[in-house]
Amino acid sequence: MMITEISILRTLLTIAGITLVVGINAVFVVWLERKVAGHMQFRLGPTEVGPFGLLQTVADGLKLLSKQIIFPSSADTPIFILAPIICLIPVFVALVPVPFSKTLQAHELDIGLLLVIALGLLNTLGILLAGWGCDNKYALLGASRAVAQILAYKIPLLLCILPVILLAGTFSLREIVVAQQESMWFAFYQPVAFFMYLIAITMETNRSPFDFAEAESELVAGFHTEYSGMMFSLFFLAEYTYMFLASAIASILFLGGWLGPILPGPIWMLLKIYFFLFLMMWFRWTFPRVRVDQMLTFGWKILLPISLLNFLITAGVMAVL
Amino acid sequence: MNWSYAQNIITGLVSLVKGMQVTMTTMLTPSPTVEWPSETAPLPPRFRGHIMLVADESTGFARCIACGACSRACPSNCIQVIGEKPEGVKKKSPTLFQLDFTKCSLCGLCVESCPVAALAYSRDYALAGPDRQVYSSMDLLTGFASPLTEQCHEL
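Given the structure is predicted, the values throughout are model-derived calculations rather than measurements.

J.: Sorry, what's going on with the overall build of chain A here?
T.: The helix and strand inventory of chain A stands at 12 helices and zero strands. Each helix and strand of chain A, placed in order from N terminus to C terminus, yields the pattern α-α-α-α-α-α-α-α-α-α-α-α. A globule of 321 residues ought to have a C-alpha radius of gyration of about 20 Å, and chain A, at 20 Å, matches this closely. Its C-alpha atoms give chain A principal-axis dimensions of roughly 60 × 55 × 45 Å. Burial analysis of chain A (321 residues in total) assigns 51% to the buried set. Within chain A, contacts between residues separated by at least 24 positions form 77% of all contacts whose residues are at least 6 apart in sequence. Put simply, chain A shows about 14800 Å² of open surface, and 75% of that area lies on carbon and sulfur atoms.

J.: I keep staring at the overall build of chain B and nothing clicks. Help me out?
T.: In terms of helices and strands, chain B carries four helices and five strands. Of the regular secondary structure in chain B, the N- to C-terminal order runs α-β-α-β-β-α-β-α-β. Here chain B has a C-alpha radius of gyration of 28 Å; the compact-globule value for 155 residues is 15 Å, and the former is much larger. Considering only C-alpha atoms, chain B reaches an extent of 105 × 30 × 30 Å along its principal axes. Evaluated residue by residue, chain B yields a buried proportion of 28% over its 155 residues. Summarising the internal contacts of chain B: among those between residues at least 6 apart in sequence, 68% fall at separations of at least 24.

J.: So what exactly am I meant to see when it comes to the pattern of salt bridges here?
T.: Once their charged atoms are close, side chains differing in charge can pair, the charge on each being opposite to the other. Residue and element names in this part refer to chain A. Tallying each qualifying case throughout the model produces 10 salt bridges over all chains. For D293, the salt bridge goes to R291, with nearest N and O atoms at 2.9 Å. Residues participating in the shared-partner salt-bridge network are E33, R207, E239 and R284.

J.: Please explain the nonpolar core as it appears in this structure.
T.: By size, the foremost hydrophobic cluster in this structure holds 75 residues, and its most contacted members are A:V98, A:L113, A:Y197, A:L245, A:I249 and A:L253. A total of 12 residues in this core trace back to one element, the largest contributor, which is helix α10 (residues 229–254) of chain A. Those residues in contact with A:L253 that sit more than four places away from it in its chain are A:L113, A:I161, A:V164, A:I176, A:Q180, A:F186 and A:Y197. Ranked by size, the runner-up nonpolar core spans 21 residues in total, among them B:I79, B:Y135, B:L140 and B:F144.

J.: Quick question: what am I supposed to make of the packing of aromatic side chains here?
T.: The geometry of an aromatic ring pair comes down to the distance between the two centres and the angle between the two planes. If you walk through the whole model with that rule in mind, you get 21 aromatic pairs over all chains. Ring centres 4.9 Å apart and planes at 80 degrees place the aromatic pair A:Y227 and A:F235 in the edge-to-face group. With centroids separated by 6.3 Å and ring planes inclined at 80 degrees, the aromatic side chains of B:F47 and B:Y125 adopt a geometry described as edge-to-face. Of this pair, B:F47 sits in the loop between α1 (3–28) and β1 (51–53) while B:Y125 sits in the loop between β4 (119–121) and α4 (133–136), and the two are 78 residues apart along the sequence.

J.: Just to check I follow, could you spell out unusual backbone geometry for this structure?
T.: Glycine aside, the phi torsion of most residues is negative, and most peptide linkages are trans. A cis geometry characterises the amide bond from B:W36 onward to B:P37, with omega recorded as 10 degrees. Take B:P37: it is sitting in the loop between α1 and β1. Notably, A:F52 is not glycine yet its phi reads approximately 55 degrees, a positive angle. With respect to the secondary-structure elements, A:F52 resides in the loop between α1 (2–40) and α2 (56–66).

Procedures and definitions
- Residues numbered from 1 in each chain as written.
- Chains lettered and ligands numbered in written order.
- Predicted model: local features only at pLDDT ≥ 70, side-chain atom pairs only at ≥ 80, totals over all residues.
- Heavy atoms only, no water.
- Helix = DSSP H or I, 4+ residues; strand = E, 2+ residues; numbered from the N terminus.
- Rg over C-alpha atoms; globule rule 2.2 N^0.38 Å.
- Buried < 20%, exposed > 50% of the residue type's maximum accessible area, 1.4 Å probe, protein only.
- Contact = heavy atoms within 4.5 Å.
- Areas by Shrake-Rupley, 256 points an atom, 1.4 Å probe, with all protein chains shown as cover.
- Salt bridge = Lys/Arg side-chain N within 4 Å of Asp/Glu carboxyl O.
- Core = buried A, V, L, I, M, F, W, Y, C linked by side-chain atoms within 4.5 Å.
- Phe/Tyr/Trp six-rings, centres within 6.5 Å; stacked < 30°, edge-to-face > 60°.

Okay, structure coming up:
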């Protein structure tokens with residue numbers, strides 16, 4: 001009886017906590033993105049709403065909430081409605097095993113990393129459904145690009161994670177950080193994997209220079225061309241939460257998660273996450289979009305062989321030692 | 001292993017780092033944006049706004065003697081001056097000085113032709129009005145006391 005009460009309370013707290021993190025993160029990251037973009041282009045970014053324009057995203061969110069959701073007449077309505085939800089919910093769930101300190105974690109899973117990877121794949125399913133369901137050629141092109149892309153980055157991504165798992169000897173996200181406490185951060189042992197992982201997560205989160213699914217200058221707005229109002233902002237929310245998740249996993253795998261001197265654990269964790277988020281924005285506002293065939297060539301001919309070689313060398317060295 | 005393959009990757013990486021350097025230095029240099037209307041950019045000293053009348057420092061009246069030289073000099077015919085001679089004074093005084101700023105080309109011939117230097121360029125550059133009338137018939141005497149009435153012209 002006692003146990004069920006505690007677990008129900010824990011579940012409710014988890015839902016509330018994750019909703020809070022997702023919401024505040026989205027508001028802050030959209031603001032940060034616009035500020036970074038502005039300053040990188042000799043502009044100021046939002047300045048009017050709230051101090052430093054911090055409330056601009058809230059105002060935009062309210063505007064999107066009040067807008068009409070338009071359903072295209074030839075759309076496959078159930079799929080059309082389902083797509084943004086399928087994009088958002090898995091990222092939501094994938095935040096459950098992410099530890100923010102040794103004790104601050106929604107639920108400890110011994111296969112946490114596996115769960116995050118598996119749920120991360122569902123994002124592409126959401127994009128595919130969105131492109132397919134709304135019966136628009138640009139949306140379908142964007143969605144099919146996302147599917148072509150997932151094959152190019154997901155295998156190198158996993159091959160970058162495997163050496164870390166070999167080093168830590170566990171799939172649990174918490175244990176991976178604890179393993180780095182005893183030695184150094186894994187970024188120092190695995191610089192190649194760390195670098196490749198950074199490239200792979202910019203592909204994974206569909207961000208420039210690999211934002212083929214969206215590609216404003218080619219495909220109107222890619223897979224979410226037909227979406228308006230709150231359903232559009234769900235895609236936005238999913239994208240920024242996905243960036244948060246990918247950055248959290250990157251900091252856990254390579255930069256020692258909550259580990260750091262003086263400051264408390266969660267603060268270190270957030271600092272590292274926002275370091276990665278800033279890096280991804282920096283990439284976006286520096287590099288132009290590559291061509292689709294260039295991206296596939298890059299994924300299959302450069303990322304895959306190097307990460308495979310890196311994995312095999314790591315495994316060989318581990319076996320010898 | 002093919003040497004050009006590795007070389008390609010290395011030169012590519014260097015170019016990426018250079019690109020990121022450019023955006024980072026841009027981000028750290030302060031933006032030249034002037035946030036109008038809460039702040040205004042400094043106007044150059046010879047800025048030409050619409051013309052305005054200059055006040056006589058001793059009396060506070062407009063210096064204008066209503067000779068009409070500006071009106072005749074104007075190539076676009078946008079200045080209209082009517083004057084009267086008050087009792088016991090040598091000079092004429094303007095009773096109407098109207099500028100049609102929608103026609104004005106800011107050539108400055110009126111300012112140059114004025115014999116008593118009664119015209120100058122204003123520094124008013126934030127031009128906006130609710131209707132055409134505001135700029136098609138600007139009353140330049142607004143705000144000046146006149147020796148004819150000794151009262152301020154009301155807008």
